[in-house]
Every structure is written in structure tokens, then in C-alpha cells.
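Understanding the architecture of this molecule
Letter by letter, the chains look like this.
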Amino acid sequence: MIFGAHESVAGGLHRAIALAGEDRCEAMQIFTKVSGQWREPALGAEQIAAFRAARAGWAGAGRTLSHASYLINLCADDAAILERSREALFQELARCDALGIDFVVFHPGAHVGLGEEAGLDRIGESLAIVLSRGKGLRAQLCIENMAGQGSTLGDRLDQIAAMIDRAGPEGARLGVCIDTQHAFAAGHDLRSEAGYERFWGDFGRLLGMDRLRCMHVNDSKAALGQRLDRHARIGDGEMGLAPFWRLVNDARLARVPAVIELPPLSKERRGYAEELARLRGLSGAAEPPAPPPQPAPEAPRAPRRRSRA
Ligand SMILES: [Zn+2]
Ligand SMILES: [Zn+2]
């Protein structure tokens, strides 16, 4: 895997690239706007030039990702929110294309009362609209797998396959981003060899490995199958190091950009560099000891909360 982190854009989008360089990232994710607001910033030519120049000067430069707004719900029942969501995803795609960002990662949506099938239909329809508007743009849309909190869709790989299928011919351009925390919380046990191989076997069968454009590497505060979107720092959560050891040593994923999303603890900003060194150190290392067995997860009856990443 090619490792990096979600970097802050405080002080300008181009600042994130300087931070990525300091943290020894070889991939990077940013927000191109305030992620919890609908307002769409118009990028000026100067901002675009500054970002592209910084990227050209980034030692070890690799793939760049943006994470779309958390407000987007491509299967919203409310017509106004649905329209805003489609517009916001298109605007994100257009901004990223202007900046030269490779991948736009987004959460597909929550069907609320609509039901799974109708929700998947609507997500497919939304994606077809955004993709046909974005014809010719090089930035690629990537559906992120979800933890399955509330009525969120995309915790199962077959649901992601259905979204792509229902986007019609334009769906060929869609990619997928796998978040390890979301996968674990959704019940995919990446700790054991059997669980890990089952997950990627299903991925290959349902989606095809070439759909995997990027990953989010996060540990989990939530237990296996608890369906909660709660990230932890690598090695500090319920997943232990085994899943990350498997990922780092998986030849199928050697070229996949993978970013840590949780900001580092230390204010001196050495946190990411340390976490990345820890991940890279798993390459070729002996298998880490398995974590103690967990009690069976409780039924997923957590309070509804907007998914954060
Ligand atoms: Zn994520
Ligand atoms: Zn996310």
C-alpha cells in the first residue's frame, strides 16, 4: 500500500501538501470545502495554481483524494435535499478536477424511510446524473463502504455493486474506497486470515479488484458488527494490528493509496509520521499476536448520529 493521511487545509488548500511532505505521506486526502456545510466555495485561479505548484514540489508525491461533504445523501426522500446532494457531489468533482485531485470519496446515503431497494435505485439514478454531467472530467468518484449506522447504505459489498450497476453505463467510471473501520464495524472480521480473505474474495467477485481505487486505514472504537462509525488510531482500537499487517503485506494492494483519517494526537504534528512509520514497519514483519477474543456485539441500537468520516 502507499500510505498517507488526511491533512488539514487551514491556511489554504496548498498548505495540506506541505503537511503531507512533513509527515512523509505518499498519498493525501483533504476537504476542499467545509465538510459540514452546503456552501460551495468557488476556487480562484490563484488557489488552483498554488495547489498544483505545491503538488509538483511534493517529495514522494502520490495520489490525492478529497472527501466529499458529509451532508450529501444521494437517496434523500426530500426533493430539495436530493437536488442539493447531487449538485454538491458534482461541484466537488469539478473542483477536484480543476485541482488535479485524483479521487473524490463520498458516502452514498441513508434511505431513512424509503427502504433499501428504493434507496439503491435512487443512489444509482443520482450517480448517473452526476457522472453524465461530469463527462470528460479526470477526477474519479469513489463510493466509500459504510459502517451501517442507522439506515445508511453501503455496509454490504453487494449494495455497493448494486449502486454501480444501477448507475447505468456511466457506472463503469465509478471506483470504490474501502474504510477498514467501516468494514469491521459492518461485521467483516479483517483480523483473522479467513475473515480477511473472505472480504477480499467477496470484493473481487462482486466488484472486481480493479474497482478499488483507494482506502482509509482506521482502527475501530466500535466492536465487530456493532455498526457504528467510530474511528480509533491504528493499534488503539478493537481491530488490533493484524488487519493492518495483512493489508501491508498483501501484494494485491501494493499500489493502492491508503490514508489515515484520524488527526494525530500530538500538536507538534509528529503523530501522523509516527503512525505511518508504524504501518510501514509492518511490511515483512512477523504476524502480530491476535487480540483477546471479544464478547459478541450487542444489537445495533445506537443513537442516530451523522457519520463523520
Ligand atoms: Zn473513511
Ligand atoms: Zn468517509
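Nothing here was measured: the structure is a model prediction, and the numbers come from that model. Numbers given for residues are sequential positions, taken from 1 along each chain in its written order. Each chain takes a letter, starting from A, and each ligand takes a number, starting from 1, following the order in which they are written. For a predicted model such as this one, the threshold for reporting local features is a pLDDT of at least 70, and the threshold for listing and counting side-chain atom pairs is 80 or more; totals across whole chains, interfaces and linings nevertheless cover every residue. The basis for every side-chain value is the complete set of non-hydrogen atoms in the structure, without hydrogens or water.

Considerations on the coordination of the zinc ion (ligand 2)
Only His67 (NE2), His107 (NE2) and Glu144 (OE) from the protein reach the zinc ion (ligand 2) as donors, at distances of 2.1 Å. Here the donor residues of the zinc ion (ligand 2) share one chain and are spaced in sequence as H-x39-H-x36-E. A 2.8 Å cut-off from the metal defines N, O and S donors, relaxed to 3.2 Å for Na, K and Ca; water is not in the atom list, so some sites may appear incomplete. Taken as an interatomic distance, the gap from the zinc ion (ligand 2) to the zinc ion (ligand 1) is 3.3 Å; Glu144 donates to each of them. Pair noted here: His67 is in strand E3 (residues 64-67) and Glu144 is in strand E5 (residues 140-144), with a separation of 77 residues, a long-range link. To sort residues, take the accessible area from a 1.4 Å probe on protein chains only and compare it with the maximum for the residue type: under 20% means buried, over 50% means exposed, and anything in between is partly exposed. With relative accessibility at 2%, the residue His67 sits in the buried group. Among the residues examined, Glu144 registers a relative accessible area of 0% and is labelled buried. Counting from the N terminus, the helices are DSSP H or I runs at least four residues long and the strands are E runs at least two residues long.

Focus on the nonpolar core
Core analysis: the biggest nonpolar cluster contains 70 residues, and Leu89, Leu127, Trp200 and Met215 have the highest contact counts within it. In this analysis, two residues are considered to be in contact whenever any of their non-hydrogen atoms come within 4.5 Å of each other. Here Leu89 is in contact with Ala68, Ile72, Leu74, Val104, Phe106, Leu127, Val130 and Leu141, once residues within four sequence places are set aside. By convention a nonpolar core is built from buried Ala, Val, Leu, Ile, Met, Phe, Trp, Tyr and Cys residues, the set being connected through side-chain atoms within 4.5 Å. Judged by nonpolar contacts, the second largest core, of eight residues, contains Ala27, Leu65, Val105 and Cys177.

A word on the packing of aromatic side chains
Note on ring pairs: Phe, Tyr and Trp rings are taken, using the six-membered ring of Trp, and paired if centres are within 6.5 Å. Classes follow the plane angle, with under 30 degrees stacked, over 60 edge-to-face and the rest tilted. Counted according to the given criterion, the structure contains four aromatic pairs. Aromatic side chains Phe31 and Tyr70 sit 5.8 Å apart centroid to centroid with 75° between the ring planes, which places their arrangement in the edge-to-face category. Placement of Phe31 in the loop between strand E2 (28-30) and helix H2 (45-56) and of Tyr70 in the loop between E3 and helix H3 (79-99) is noted, with a sequence separation of 39 residues between them. Through a chain of ring-to-ring contacts, three or more aromatic side chains come together here, namely Tyr196, Phe199, Trp200 and Phe203. Note on geometry: a ring has a charge over it if NZ (lysine) or CZ (arginine) is within 6 Å of the ring centre and within 35 degrees of the ring normal. If you follow Arg133 out to its NZ or CZ, it ends over the ring of Phe90, 3.8 Å from the centre.

Points about the packing of helix H5 (residues 157-166) against helix H7 (residues 193-206)
As a rule, the C-alpha atoms of each element are fitted with a line to give its axis, helices using only the stretch in contact, and angles between N-to-C directions run from 0 to 180 degrees. Across the interface, H5 lies against H7 with an axial gap of 10 Å and an inter-helix angle of 20°. Judged on the interaxial angle alone, H7 and H5 are roughly parallel. In this structure, H5 meets H7 at a crossing whose hand is right-handed. Residues Leu157, Asp158 and Ala161 of H5 form the contact with H7, whose participating residues are Phe199, Asp202, Phe203 and Leu206. Residues belonging to the contact of H5 with H7 are distributed by class as follows: five nonpolar, no polar and two charged. Any angle that is under 35 degrees is reported as roughly parallel, and any over 145 degrees as roughly antiparallel; angles of 65 to 115 degrees are reported as roughly perpendicular and all others as oblique. In a left-handed crossing the near helix is turned counterclockwise from the far helix by less than a right angle, and in a right-handed crossing that turn is clockwise. Residue classes follow a fixed rule: Ala, Val, Leu, Ile, Met, Phe, Trp, Tyr, Cys and Pro count as nonpolar, while Asp, Glu, Lys and Arg count as charged, and any other residue, Gly among them, counts as polar.

Some points on unusual backbone geometry
What is expected of a backbone is that most residues other than glycine have negative phi and most peptide bonds are trans. With phi around 60°, Arg24 is a residue other than glycine that occupies positive phi space. Among the secondary structure elements, Arg24 is positioned in the loop between helix H1 (13-22) and E2. According to the relative accessible area criterion, Arg24 is exposed, its value standing at 58%. Look at Arg227: it is not a glycine, yet its phi comes out positive at around 60°. The topology assignment puts Arg227 in the loop between strand E8 (219-220) and strand E9 (231-232). Among the residues examined, Arg227 registers a relative accessible area of 24% and is labelled partly exposed.

Interpretation note: all reported values are geometric properties and have no functional meaning in isolation.
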